[in-house]
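# Secondary and tertiary structure notes
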Amino acid sequence: MAAPIALTTKNWCLKYGKTEALKNLNIEIPEKKVTAFIGPSGCGKSTFLRCFNRMNDLIDNVSVEGKIMLYDEDIYDPRVDISILRQSVGLVFQKPNPFPKSIFENVAYGLRIQGKKNKTELQDTVEWALKNANLWNEVHNRLNDNSLSLSGGQQQRLVIARAIAVKPQVMLLDEPTSALDPLSTLKIEELILQLKQDYTVVIVTHNMQQAARVSDYTAFLYLGELIEFNETTKIFSTPKEKQTEDYITGRFG
Amino acid sequence: MANDYFSSHISEKFNEELSQLTEQLEKMGKAVMTQFDLALQSIEEKDPKLAKKTLKKEKIIHNYDIQIYELGYQIMALRSPVAGDLRAIMSILQTTSDLERISDELGKIAKAIKDKNEIPEDIIHIFLDYGNGVCDYLNRTLKALNSYDVQASTTIIRKKKSMNALYLESIQKLMALNKTVDIDSMSSYLFIAKGLETIAVNARNIAKYIIFFEEGIDVRHQARKDIIEQFSQTS
C-alpha cells in the first residue's frame, strides 16, 4: 500500500522580484520516507525546501503562487501561525547553528517557547531527543557544557535533537553534512534513516551518493522546474528523463 | 544511446576509462572469434597442431578477462557510476565473463579433438555444420555488441529455437552413427556438440546484456516471446 502523503505542492511558483525561481511545481512527498532534492546549484532546491516552513517569508521581494499542503492544512493560509508551523516542520541548515548556550538549554529551547516549565518533563524530553539524535551517550555527563565546545558533527546532531524535541511532523535538512567529515557524515546519515521511522524527512544534497544511500524518493530539479520525481532506486538505475541521466552521470552542461 | 555515450562525460578521464573498457571488450570478442575459427579449422583439417593452437588462445582471453575485470572494478570503486554508466559496466563485466566461458568451451573442444586420432568424415561434417552455425550466431552477437544494437540483440534471442533445432539435429545425426562408433568416442563427440550448444547459450546471454544496458530492463530470466514482444520493432 502506498504511504500517505505528508506534503503536497500544487502549481507552486516562487519569484524573487520578477525572477521566477520555482516554476509550477507539483509534488507529493510521502509520509515517513526520506525524499531527496537534487540538482545543480541555483536550480531552486533549497528555495523549494524552505517553502515548506515558510522560511522564504523572511526574504524581501519574494512572492508565491499555488498551494502547499501539510496533510490537509494549507500552510500559506493567512491564518496559519508561522511559529507553530515551524515546530511542525523543523529545518536543519548546512552549517550547524547551535545557540551559544548549554547543550541542555539548546534542546530545551523550543520546549520552553511552548511554555513547558516542569523540570522533570524538560529533562525527560531533552534525554529522549538526544537519544533519538544519537548524541546522548557522548554528552549525557556534560549537559551543562557550552554547545559550542562540541565537534561539528556533534553540533549538527544537537541541532537535530533541538528540532525533534518539539515533536515535528516533518524534518527539512538543507545539505546537513556538507560541512562535516566523512565519519560525522555517516553518523548523520544513520540518524536520517532512524528519523524516518517517526518523521517525514526532506533533504537537499549535492552529494549524489548521499541521496542514493539515504533517500526513498528523489526529485531532480533544474532551472526551477521539477524534471523527474521517482523512487531513488529508479532515478539512479534507470532514470526516465535524459536531463536526469545527464546530471547524475556527470554529462551535464 | 551508446554511440556518443562513452565520450560525453564531463570528466575526460572517465570518458577515457569507459572507452578503454569498451575497446578491450571489442578486442576480447575478436580474440574469441579467432579462437573459434581455429577450433573449426582444427576439426576440418583434423590437425592436432591447430587444436593445440586453439588451446593456447585461452591464455590471451584470460588476460583480457583479468584486464577488463580490474578496470571495471577500479571504475566502480573510484567513480561510483550510476544509471547508464553503471549498466554499461555491469553489462561489460557480464559479457566478459560469458566470453571467457566461450573460450573455455572452445579449449575443451580443441582438447577433445587433439586427443582423438581419427575422426570419421561424416562426424566432421556434423561438427562443421553445427559449429559454423554457432560461430555465425556468435559473430552476429558480437556485431550487435559493438553497436549496442537492441534490434539485432532481439534477433539473436529470436533465433534461439533454430539454434536449439541445429543442436538436436547434430545429436540425432551423431546417434544415428552409434553402431559404427565406440562408446568412448561417441561420448567425446556428444561432449563437443554440447560445448557448441553452451556457446550459443553464452551468445544469447550477451544479447540480453546489450538490452539491459540500452533499455535498463533485466531480461535474463524473461521468456523469449516476452523479450521479442517488448523489443521487436514493428514495421
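Right above here is the structure, for reference.
First, a word on scope: everything that follows refers to the structure included in this document. (Residues numbered from 1 in each chain as written. Chains lettered and ligands numbered in written order. Predicted model: local features only at pLDDT ≥ 70, side-chain atom pairs only at ≥ 80, totals over all residues. Heavy atoms only, no water.)

### Brief notes about the nonpolar core
Membership of the largest hydrophobic core comes to 71 residues, with the highest contact counts inside it found for Phe36(B), Leu138(B) and Ile199(B). Sorting the residues of this core by element identifies α2 (12-44), α3 (48-79), α4 (83-115), α5 (121-146), α6 (150-158), α7 (160-176), α8 (183-215) and α9 (224-231) of chain B as the ones contributing at least two each. Once residues within four sequence positions are removed from consideration, Phe36(B) is found in contact with Leu106(B), Gly131(B), Val134(B), Cys135(B), Leu138(B), Leu196(B) and Ile199(B). Listed in part, the 49 residues of the second largest apolar core include Leu143(A), Val166(A), Ile203(A) and Phe220(A). (Core = buried A, V, L, I, M, F, W, Y, C linked by side-chain atoms within 4.5 Å. Buried < 20%, exposed > 50% of the residue type's maximum accessible area, 1.4 Å probe, protein only. Helix = DSSP H or I, 4+ residues; strand = E, 2+ residues; numbered from the N terminus. Contact = heavy atoms within 4.5 Å.)

### Comments concerning the layout of surface pockets
All names here are of chain A. By volume, the largest pocket amounts to about 510 Å³. For the largest pocket, the lining is made up of 19 residues, of which Arg-86, Leu-91, Phe-99, Arg-162 and Ala-163 are closest to its centre. The leading source of residues in the lining of the largest pocket is helix α2 (residues 82-88), at four residues. Residues that form the lining of the largest pocket fall into these classes: 11 nonpolar, six polar and two charged. (1 Å grid on protein atoms, 1.4 Å probe; cavity = no way out; pocket = protein on both sides within 12 Å on 5 of 7 lines; lining within 4 Å. Points joined across faces, edges and corners; volume = space filled by probe spheres on them. Nonpolar A, V, L, I, M, F, W, Y, C, P; charged D, E, K, R; others polar.)

### Quick notes on the sheet that holds strand β8 (residues 200-204) of chain A
Residues and elements named next belong to chain A. Across the sheet, six strands lie side by side as β6-β7-β8-β3-β9-β10; this open sheet has mixed pairing. On the outer flanks of this sheet lie β6 (89-92) and β10 (225-231), each paired with one strand and no other. Adjacent strand axes in the sheet meet at a mean angle of 15° when their direction is disregarded. Relative to β10, strand β9 (residues 217-222) runs antiparallel, the two being bridged by six bridges. Bridge pairing in β10 links Thr-218 to Asn-230. (Pairing = 2+ DSSP bridges. Axes fitted to C-alpha atoms, helices over the stretch in contact; angles between N-to-C directions.)

### Some details on the interface of chain A and chain B
Opposite the 11 residues of chain A that make contact, chain B presents 13 residues. Taken together, both faces of the contact between chain A and chain B bury some 970 Å²; the carbon and sulfur share is 50%. Taken together, the connections running from chain A to chain B amount to one salt bridge. Asp85(B) is the partner of Arg251(A) in a salt bridge, and the nearest nitrogen-oxygen pair spans 2.9 Å. In this structure, the connection of chain A to chain B is made through nine residue pairs in polar contact (both at pLDDT 80 or more). For the side of chain A that touches chain B, the secondary-structure elements that each account for two or more residues are α9 (232-237) and α10 (242-248) of chain A. Class assignment for the residues of the side of chain A that touches chain B results in four nonpolar, five polar and two charged. (Buried area = accessible area lost by both parts, 1.4 Å probe. Salt bridge = Lys/Arg side-chain N within 4 Å of Asp/Glu carboxyl O. Polar contact = N/O pair within 3.5 Å; in protein donor to acceptor, adjacent residues only side chain to side chain.)

### Comments concerning the packing of α5(B) against α8(B)
All names here are of chain B. Here α5 crosses α8 at 15°, and the two axes come no closer than 9 Å. In terms of their interaxial angle, α5 and α8 are classed as roughly parallel. Every pair of crossing elements has a handedness; the one defined by α5 and α8 is left-handed. Between α5, through Ile-123, Phe-127, Tyr-130, Gly-131, Val-134, Tyr-137, Leu-138, Thr-141, Ala-144 and Leu-145, and α8, the contact on the second element is made entirely by Tyr-189, Ile-192, Ala-193, Leu-196, Glu-197, Ile-199, Ala-200, Ala-203, Arg-204, Ile-206, Ala-207 and Ile-210. Residues that form the contact of α5 with α8 fall into these classes: 18 nonpolar, two polar and two charged. (Parallel < 35°, antiparallel > 145°, perpendicular 65-115°, else oblique. Left-handed = near helix turned anticlockwise from the far one by under 90°.)

### A word on the side chain of Gln35(B)
Residues and elements named next belong to chain B. With respect to the secondary-structure elements, Gln-35 resides in helix α2. Here Thr-54 takes part through its backbone oxygen, which lies 3.2 Å from a polar atom of the side chain of Gln-35. Those residues in contact with Gln-35 that sit more than four places away from it in its chain are Thr-54, Lys-57, Glu-58, Ile-61, Ser-103, Leu-106 and Gly-107.

### Structural notes on the pairing of strand β3 (residues 34-38) of chain A
Residue and element names in this part refer to chain A. Of all five residues that make up β3, five are buried, and the element is covered over most of its length. The side-chain alternation of β3 yields two buried faces, one formed by Val-34, Ala-36 and Ile-38 and the other by Thr-35 and Phe-37. Pairing between β3 and β8: four bridges, direction parallel. Across the sheet, residue Ala-36 finds its bridge partner in β8, namely Ile-203. Strand direction decides the pairing type here: β3 and β9, joined by four bridges, are parallel. Residue pairing across strands places Ala-36 opposite Thr-218, the latter belonging to β9.

### Some words on the packing of α5(B) against α7(B)
Residue and element names in this part refer to chain B. Packing of α5 against α7 leaves a shortest axis separation of 10 Å and a crossing angle of 165°. Considering the angle they form, α5 stands roughly antiparallel to α7. Seen along the crossing, α5 lies across α7 with a hand that is left-handed. Taken together, the residues of α7 that come into contact with α5 (itself represented by Ile-123, Ile-126, Phe-127, Asp-129, Tyr-130, Gly-133, Val-134 and Tyr-137) are Lys-160, Met-163, Leu-166, Tyr-167, Ser-170, Lys-173 and Leu-174.

### Re helix α4 (residues 119-132) of chain A
Residues and elements named next belong to chain A. An ideal rise of 1.5 Å per residue puts 20 Å on 14 residues; α4 measures up with 20 Å between its terminal C-alpha atoms. Residues of α4 that are buried: Leu-122, Thr-125, Val-126, Ala-129 and Leu-130. Angular distribution of buried residues about the axis of α4 spans 130°; they occupy a single face of the element. In the core, the buried residues of α4 are packed alongside α3 (103-113), α5 (136-139) and α6 (152-165). The N-cap residue of α4 is Asn-118: its side-chain oxygen and the backbone nitrogen of Thr-120 are 3.0 Å apart. Of the residues flanking the end of α4, it is Asn-134, one or two places downstream, whose phi is positive at about 55°. (Expected span 1.5 Å × (residues − 1). Arc of directions from axis to C-beta.)

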